[in-house]
Amino acid sequence: MEAAKRFVSGLKGQVLWFMEALREYWAATPGWPLHFGLCVLAFAAAYLFSRLVRYRLAPWAVRRAERGHSKLMQILMRGFSRPAPVVVWAVGLYFAVLSLPLPPAWLAGAAPWLGKALRIALICLFAWGLTGSSDIGPLMMKNVQGKLDVEMDRTVAAFVNKILRVVVICFALVMVLGELGYNVNGLITGMGLAGLTVSLAAKDSASNFFAGLVIILEKPFVLGDWVITSQAEGEVEDISFRSTKVRRLDGSLVILPNSILCAEAITNGTQRKKRLFRFCIGVTYGTAKERIEALMARLRALLAEDPDVDSQSVLVRLQGFGASSIEVLVHCYLLTPAWNQAMLVQDRLNLAILSLMRELEIDFAFPSQSIYIEKASHG
């Protein structure tokens, strides 16, 4: 409690001393109000110009770049459109503060700190612009994808974007630490040793990272594909350094480590070309042989003529005799690999088969048992 009181008392004394020294300087400088007003006007002008850059000049530059043929310029304009007005405001603030009517000794002492703060701000804003322009990486890789033997798609582009953002942030952090007076060379060396130690201790993270690279390069699946693994089934939403995110049909999100995902079998449902349509129709034992033959012939014609069915795969056979029905096998492949479209085709075919059964007056069999009671004779 006493320490807090002493701190407040000392702070109050410093404020009083600052105000008294400032009052004495202003008393000896008759033109200080005009000087102060000019500083306020300079800051206001910088602020208004930053608003102009944000709402007028930056959008105009982005639209002009989009009308051009340079994809690189489009990416840069979009990436730096947001930090550009902040740069204008920061530079205006810097010069406005240096122009305040303060004692020269104060300004001389504050100038190095203000310059350092401005440089740190510009580094951060430049890093902000570069992270917003990270699409440059996929663009450059697309230009040399023939030499690298890497096909550029949105999965690879998203992965490259993340790597570039991390690299830009790391460089910006090193530069900021250098501005703050830290020994960057020693820090990098220490980080290298620490990184080696951490990498040895975090083998799983390293294996996940390299497994992610394998997924990106080999592309067993890409963003938006429907995959089936022993761990989950759903749509691939994201592929990061460590894991892959899969959205299940019920909306839940499954995060699978890349190392586990690469070590098991993966079924890519999106890349399938056909979808199996196979079932058995059970008809009653009282159905005449001629009607069963007619049913099989009509089923073959129905499936072979359907535009969503592979006619070469149609197979309708009398499979056998069940416990309570004569079983007719229906087998074919649908030419609609997408699950939702295949369900629509399946609904249409099932309804057509139902109408065909009614037209031929054939009943579906259901599980039943016949009980025979033998009457015993007594002499």
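Helix and strand counts for the protein come out as 13 helices and eight strands. A burial count over the protein gives 29% of its 379 residues as buried. For the protein, restricting intrachain contacts to residue pairs at least 6 apart in sequence, the fraction spanning at least 24 positions comes to 63%. In the form shown here, the protein has an accessible surface area of approximately 24,700 Å², with 64% of it arising from carbon and sulfur atoms.

Turning our attention to the confidence of the model for the protein. Averaged over all residues, the pLDDT of the protein equals 79, while 80% of them reach at least 70. Here residues 146-150 is a poorly scored stretch, pLDDT under 50, and it has five contacts once near neighbours within four places are set aside; other chains count.

Another aspect to go through is the environment of A263. For A263, the location among the structural elements is in the loop between α11 (258-262) and β5 (267-268). Given a relative accessible area of 68%, A263 falls into the exposed group.

In this structure, I281, V283, L295 and L299 are the most contacted members of the largest nonpolar core, which totals 23 residues. For this core, the secondary structure elements donating two or more residues are β6 (275-283), α12 (289-305), β8 (326-334) and α13 (339-359). The greatest single-element share of this core, amounting to six residues, is contributed by α13. In this structure I281 touches L299, I326, E327, V328, V330, I353, M357 and F364, once residues within four positions along its chain are discounted. One finds I216, F221, V227 and V236 within the second-largest nonpolar core, a separate group that totals 12 residues.

Moving on: a positive patch on the surface. The grouping of R56, R63, R64 and R67 at the surface amounts to a positive patch. Along the polypeptide, R67 turns up in helix α2 (residues 32-67). Overall, the relative accessible area of 59% leaves R67 in the exposed class.

With that out of the way, let us pick up the side chain of T244. Position of T244 among the secondary structure elements: in strand β3 (residues 243-248). Exposure remark for T244: the relative accessible area of 0% places this residue in the buried category. There is a polar contact of 2.8 Å between the side chain of T244 and the side chain of N258. Ignoring any residue separated from it by four or fewer positions in sequence, one finds T244 in contact with I215, F221, V236, D238, I239, V254, I255, L256, N258 and L261.

One open sheet accounts for five strands, arranged β4-β3-β2-β1-β5; its pairing is antiparallel. The two strands at the open ends of the sheet, each matched to only one other strand, are β4 (253-257) and β5. Looking at chain direction, strand β1 (residues 226-228) and strand β2 (residues 233-239) are connected through three bridges and run antiparallel. In the sheet register, W226 faces β2, and the bridge partner there is E235.

Sheet strands associate in pairs through backbone hydrogen bonding, adopting either a parallel or an antiparallel arrangement. Pairing is antiparallel across the open sheet formed by three strands, whose spatial order is β6-β8-β7. Two strands in the sheet have a free side with no partner beyond their single neighbour: β6 and β7 (315-321). Geometrically, the sheet is characterised by an average inter-axis angle of 20° between neighbouring strands, direction not taken into account. As paired strands, β6 and β8 are joined by nine bridges and run antiparallel to one another. Pairing of R278 across the sheet is with H331, part of β8. α12 contacts β6, β7 and β8 of the sheet and is inclined by roughly 145° relative to β7. Docked against the sheet, α13 engages β6 and β8, running at close to 25° with respect to β6.

What counts and how
Residues numbered from 1 in each chain as written. Predicted model: local features only at pLDDT ≥ 70, side-chain atom pairs only at ≥ 80, totals over all residues. Heavy atoms only, no water. Helix = DSSP H or I, 4+ residues; strand = E, 2+ residues; numbered from the N terminus. Buried < 20%, exposed > 50% of the residue type's maximum accessible area, 1.4 Å probe, protein only. Contact = heavy atoms within 4.5 Å. Areas by Shrake-Rupley, 256 points an atom, 1.4 Å probe, with all protein chains shown as cover. pLDDT = per-residue confidence, 0-100. Core = buried A, V, L, I, M, F, W, Y, C linked by side-chain atoms within 4.5 Å. Patch = residues over 30% accessible without salt bridge, like charges linked within 9 Å, V, L, I, M, F, W, Y side chains within 5 Å. Salt bridge = Lys/Arg side-chain N within 4 Å of Asp/Glu carboxyl O. Lys, Arg positive; Asp, Glu negative; His and termini not counted. Charge placed at Lys NZ, Arg CZ, Asp CG, Glu CD. Polar contact = N/O pair within 3.5 Å; in protein donor to acceptor, adjacent residues only side chain to side chain. Pairing = 2+ DSSP bridges. Axes fitted to C-alpha atoms, helices over the stretch in contact; angles between N-to-C directions.

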